Amino acid sequence: MNSAMPTVSKTRSFSTVFLIEMWERFGYYGMQALIVYYMVQRLGFEDDRANLVWSAAAALIYVAPAIGGWIGDKYLGTRRTMLFGAVVLAIGYALMTVPSEDTWTLFGALGVIVVGNGLFKPNAANLVRKIYEGDDAKIDSAFTMYYMAVNIGATASQLATPLIAVKFGWHLAFAVSAGGLIVGILNYLVMRRYLQHVGSEPDFKPLNVARLIQVLVGIVVGIVLVAFIIQDRTVARGTVVAGFVGMLVIFGVMMSRGSQRERTGLISVLILTGLGMLFFIFYQ
């Protein structure tokens, strides 16, 4: 952080992240409210296939932030990666508006959404933490308000997009999801000066073009990989199972290497993770 920069209100900095998060969740939950019905009613998928495609995509959506967080923290910068992810997500939602019944258009769009979410989600939350870094009393309150952005965006879009789909068609409803995120990006660009003092170390250095190209190549590879995974039932099921087993292995390795105190904490995290997984299984 540059000490010569003028002091910026933390409330304004937080509001900048709050608004782009609200619009991003508007786009995501607006799309989610439609996607399974769209696959069944428009593309002719059987119920079990439609649910499996979305379940596999949703599982990857929750895995991808682990990579996106590292890219933001160590590689491109938290602010840059968040904005980059928002743009990729908007492209993914926009691809859902293409009037095509080709299933690969759907799989490709979902691949873009998975990758974009992985870039956006962890870095937006990380910016909130960085805004209030060192002020533990306010961090908890800030994250409570931050999750209100999720609720506001999700509620508005899940009420709007199904009605739009019924009255005006699927693709216009998906366009509303894309449009909401575009509004969020434009709003962020107007307010971005309030975040100039916040970010990870790469944010305060000139953009490394070589790294950017590497990330772009990684995005393309990620999109192709996700599309391949979700289009095949066997691969999709195997990926979900492998992800679960992989999580257990990671926890096992960390427990074996940690102290007694660390193991106690990891057991608590594992229990909470399991409960969270059950919640999202029933939620979906």
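Summary of the structure given here. (Residues numbered from 1 in each chain as written. Predicted model: local features only at pLDDT ≥ 70, side-chain atom pairs only at ≥ 80, totals over all residues. Heavy atoms only, no water.)

## Quick look at the packing of aromatic side chains
Point 1. All told, the structure shown has 13 aromatic pairs when counted by the stated rule.
Point 2. Taking 5.7 Å as the distance between ring centres and 70° as the angle between the ring planes, the aromatic pair formed by Tyr-38 and Trp-170 counts as edge-to-face. A residue pair is termed long-range when its members are at least 10 positions apart, and Tyr-38 in helix 1 (residues 10-41) and Trp-170 in helix 7 (residues 170-191) qualify at 132 residues. The pair formed by Tyr-38 and Trp-170 is uniform in burial state, with each residue classed as buried.
Point 3. Seen from their ring centres, Phe-45 and Phe-107 are 6.5 Å apart, and the 45° between their planes marks the pair as tilted. Note that Phe-45 is positioned in the loop between helix 1 and helix 2 (47-63) and Phe-107 in helix 5 (residues 103-131), a separation of 62 residues in sequence. (Phe/Tyr/Trp six-rings, centres within 6.5 Å; stacked < 30°, edge-to-face > 60°. Helix = DSSP H or I, 4+ residues; strand = E, 2+ residues; numbered from the N terminus. Buried < 20%, exposed > 50% of the residue type's maximum accessible area, 1.4 Å probe, protein only.)

## Focus on the pattern of salt bridges
Point 1. Under the defined criterion, the tally for this structure stands at eight salt bridges.
Point 2. Across the salt bridge formed by Glu-133 and Arg-129, the nearest N and O atoms sit 3.3 Å from each other.
Point 3. One network of salt bridges, in which partners are shared, links Glu-46, Asp-48 and Arg-233. (Salt bridge = Lys/Arg side-chain N within 4 Å of Asp/Glu carboxyl O.)

## Some words on the nonpolar core
Point 1. If you look at the biggest cluster of nonpolar residues, it comprises 65 residues, and the most contacted ones within it are Met-39, Trp-54, Leu-106 and Ile-230.
Point 2. Of all the secondary structure elements, the ones that give two or more residues to this core are helix 1, helix 2, helix 4 (78-95), helix 5, helix 6 (136-168), helix 7 and helix 8 (209-231).
Point 3. Considering every element that reaches this core, the biggest residue donor is helix 1, with 12 residues.
Point 4. With residues near it in sequence (within four places) discarded, Leu-106 still touches Ile-35, Tyr-38, Met-39, Leu-43, Phe-45 and Met-96.
Point 5. Residues Ile-71, Val-88, Val-115 and Val-215 belong to the second largest nonpolar core, which totals nine residues. (Core = buried A, V, L, I, M, F, W, Y, C linked by side-chain atoms within 4.5 Å. Contact = heavy atoms within 4.5 Å.)

## As for the environment of Asp-48
Point 1. Looking at where Asp-48 falls in the secondary structure, it is placed in helix 2.
Point 2. Asp-48 sits in the partly exposed class, given a relative accessible area of 42%.
Point 3. Along the chain, Asp-48 and Arg-233 lie 185 residues apart, while their C-alpha atoms are 9.7 Å from each other.

## Observations regarding the side chain of His-171
Point 1. On the secondary structure map, His-171 appears in helix 7.
Point 2. Residue His-171 is classed as buried on the basis of its relative accessible area of 13%.
Point 3. Every residue in contact with His-171, bar those within four places of it in the chain, is listed here: Tyr-38, Arg-42, Met-96, Thr-97, Val-98, Pro-99 and Ser-100.

## Observations regarding the environment of Val-112
Point 1. With respect to the helices and strands, the residue Val-112 is situated in helix 5.
Point 2. Ignoring any residue separated from it by four or fewer positions in sequence, one finds Val-112 in contact with Val-88, Ile-91, Gly-92, Leu-95 and Ile-223.

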